[in-house]
Amino acid sequence: MISRHPTSCASMAEIMSVLFFHTMKYKISAPRDPSADRFILSKGHAAPILYAAWAEAGLFPVDDLKNLRKLDSDLEGHPTPRLNFVDVGTGSLGQGLAVAAGMAYVGKYFDQAPYRVYCLVGDGEAAEGSVWEALQFASHYKLDNLVVIIDVNRLGQSEPTALQHQMDVYDARVKSFGLHSIVVDGHDVSELVKAFDEAASVTGKPTALLAKTYKGRGFPDIEDKDNWHGKALGAEGEKIIKHLQSQIKNASPSVRVSPPAAPAPAVHLADVTLSSPPAYKLGELLATRLAYGTALKKIADTNLRVIALDGDTKNSTFSDKLKAAYPDRYVECFIAEQTLVGVATGMACRDRAVVFASTFAAFFTRTFDQIRMGAISQSNINLVGSHCGVSIGEDGPSQMGLEDLALFRAVPTATVFYPSDAVSTERSVELAANTRGICYIRTSRPNTAVIYENDAQFQVGQAKLVRSSANDRVLLIGAGVTLHEALAAYDTLQQKGVNARVLDPFTVKPLDEAAVIQHARVAGGHVLVVEDHYQAGGLGEAVLSALALERDVVVQHLCVREVPRSGPPNALLDRYGISANHIVSAVDRLLRL
């Protein structure tokens, strides 16, 4: 408590003691047991009191708390799943409740088990819109196994919160969102016990426990005072500790933890497969987004724990194919993409489900914070972005995902699939379902030709050589619609007497660097990359990175270099320099170097 955020911990001390030693049911021997109650500390800066609760419960020695924030300790400044009692990383505020709602959804509708989910939210982070998105989700799906505790301690980091201690306003707001609301003195143990017991009896709606508390409770000359957020107590520390110790009536209480009420069902998430192989004809025109929907339904055929989520774009991403077949395994998150990703993260926790969440590629940009926290949380979620690039056409730049590859390539645990036809898309879905970490599948709106045989084999990090000859002079690399533009350019180049080889990377991350280097050398060191994406961070820069130390290799990069406008897809590909004609011209220039 002498380290960081002691005042934020003090405001919730009684809440934590009641939760951990009266209300929650869990196992000390297995903190993340599937049958146990879940607790999400959304206000992650109060990590020290979470660590103290588990130490007091007997999970590890209390003396280990002295290692808080040290480099060689997993007791970090904010919780992460390096600790066996933490489900997700928190601390980027406003995210914990969506995760908790995802956990509660699985508990109520899939596990149908009695475990409950508790999420403690700070009043400061309640200014985040994502908190209210999550409350709306929880209310809509009647998650009566979810309790959100708002620690209303009045003070933010730099000044008082907007509502301070206006408990009536908090009460009215959560009730307007359809929650059962209980206002309590957050420092009165008996009130807290009654409130949590009441929440357990509520049916048909989640409960919000609104706790009026004081920051720095029990700290002489600091309680309810501004300018103490995140500060170590310094010279005041010893005096405060002695004061707190003088308040203890029972110095060595017997700690008892209640075990889970009933076991959660066993689930099997490994070896997810398509119920039938791809069944397409070479040359058949089909959008990869449609093939995604087909594959999603196929893996749901073979595994009851495949769940699809969408943000009201299911008839465009084609996740509605799963909904049509298995409506109980489709979850509509409406137009609330931050909640979409947060709920997906919660659903996947403790290996309870194989989760696919889809929307337009452009809209994942507003969820980047949830995605990066998903990486910190060691989450296994699959995100699918359709309508990428200028090739979507007339809808215009607000709908064009042109930054998504850069976003996901920056995420350390991400695998980035960019399939180019229906066959490779189906295999992307199958592979993603079995790949740990965050997977992103980029799908396209236009119909494109099937170029692979139905029995073609695909692997993460393994590129496909689509065209080649013994005397190729240039390597063309494209993905999605631009692979097909490269194939059209290949035909034109052949007519001009220029032999080229065409490489489909299949995954942009990890990129098959060995294949890129090998084929670049065979093609005389002339490489042209074309992509329906902005210059920064996409396929082109991945290839440039792979070839950075290669001698005598020149790379030409065709990409979208300005904010585009509406127009027919083919016209936009040509206007922004990524069509077959531009590829041919670029090859001419490249070979003259």
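The shown structure was predicted, so the numbers you read here are calculated from the model rather than taken from an experiment. (Residues numbered from 1 in each chain as written. Predicted model: local features only at pLDDT ≥ 70, side-chain atom pairs only at ≥ 80, totals over all residues. Heavy atoms only, no water.)

A few words now on the nonpolar core. By size, the foremost hydrophobic cluster in this structure holds 86 residues, and its most contacted members are Leu 309 and Leu 383. Here this core gets ten residues from one element, more than from any other, and that element is helix α4 (residues 96–111). Residues in contact with Leu 309, not counting those within four places in the same chain, are Tyr 330, Val 331, Cys 333, Leu 340, Val 343, Ala 344, Met 347, Val 355, Phe 356, Ala 357 and Ser 358. Counting residues in hydrophobic clusters, the runner-up holds 64 residues, among them Ala 308, Ala 456, Leu 493 and Ala 580. (Core = buried A, V, L, I, M, F, W, Y, C linked by side-chain atoms within 4.5 Å. Buried < 20%, exposed > 50% of the residue type's maximum accessible area, 1.4 Å probe, protein only. Helix = DSSP H or I, 4+ residues; strand = E, 2+ residues; numbered from the N terminus. Contact = heavy atoms within 4.5 Å.)

Partitioning the chain into domains gives domain 1 (6–247), domain 2 (284–450) and domain 3 (464–591). On a C-alpha basis, the centroid separation for the pair domain 2 and domain 3 is 25 Å. Taken together, the contact between domain 2 and domain 3 spans 36 residues of the former and 33 residues of the latter. Where domain 2 abuts domain 3, roughly 2,500 Å² becomes buried across the two surfaces, and 62% of that area is made up of carbon and sulfur atoms. (Domains from an automatic or database assignment. Buried area = accessible area lost by both parts, 1.4 Å probe.)

A few words on unusual backbone geometry. In this chain, Lys 509 is followed by Pro 510 through a cis amide linkage whose omega measures -5°. Even without a glycine there, the phi angle at Asp 224 is positive, about 60°. Relative to the assigned elements, Asp 224 resides in the loop between β5 (207–212) and α8 (237–247).

This brings us to the environment of Leu 244. If you trace the backbone, Leu 244 turns up in helix α8. Judged by its relative accessible area of 33%, Leu 244 falls in the partly exposed class. Distance from Leu 244 to Ala 13, taken between C-alpha atoms, is 12 Å for residues 231 residues apart in sequence.

The subject of this paragraph is the sheet that holds strand β14 (residues 464–467). The strand order across the open sheet built from five strands is β14-β16-β15-β18-β19, with neighbouring strands paired in mixed fashion. The sheet is open, and its two edges are formed by β14 and β19 (554–560), each paired on a single side. Within the sheet, the average angular offset between the axes of one strand and its neighbour, ignoring direction, is 25°. Bridge count between β14 and strand β16 (residues 500–504): three bridges; the pairing is antiparallel. Its bridge partner being in β16, Arg 467 is matched across the sheet by Val 502. Against the sheet, helix α20 (residues 580–592) engages β15 (474–478), β18 (526–534) and β19, with an angle of about 145° to β18. (Pairing = 2+ DSSP bridges. Axes fitted to C-alpha atoms, helices over the stretch in contact; angles between N-to-C directions.)

A few words on empty space enclosed by the protein. The full count for this structure, using the stated rule, is four cavities of 30 Å³ or more. There is about 140 Å³ of room inside the largest cavity. Residue composition of the lining of the largest cavity, grouped by class: 13 nonpolar, one polar and four charged. Put simply, the second largest cavity is a space of about 90 Å³. In this structure, the second largest cavity is lined by Val 88, Gly 89, Thr 90, Gln 95, Gly 96, Val 99, Gly 342, Thr 345, Gln 370, Met 373, Gly 374 and Ser 377. (1 Å grid on protein atoms, 1.4 Å probe; cavity = no way out; pocket = protein on both sides within 12 Å on 5 of 7 lines; lining within 4 Å. Points joined across faces, edges and corners; volume = space filled by probe spheres on them. Nonpolar A, V, L, I, M, F, W, Y, C, P; charged D, E, K, R; others polar.)

UniProt's entry tags residues 286–450 with the feature "domain: Transketolase-like pyrimidine-binding" (unreviewed entry), counted in the numbering of this structure. With 39% helix and 21% strand, residues 286–450 has end C-alpha atoms that lie 7 Å from one another. (UniProt positions renumbered as here; feature names shortened; annotations may be inferred.)

Its 15 residues place the ends of helix α16 (residues 481–495) 22 Å apart at the C-alpha level, agreeing with the 21 Å of an ideal helix rising 1.5 Å per residue. Among the residues of α16, those classed as buried are Val 481, Thr 482, Leu 483, His 484, Glu 485, Ala 486, Leu 487, Ala 489, Tyr 490 and Leu 493. Downstream of α16 by one or two residues, Gly 497 has phi in the positive range, about 85°. (Expected span 1.5 Å × (residues − 1).)

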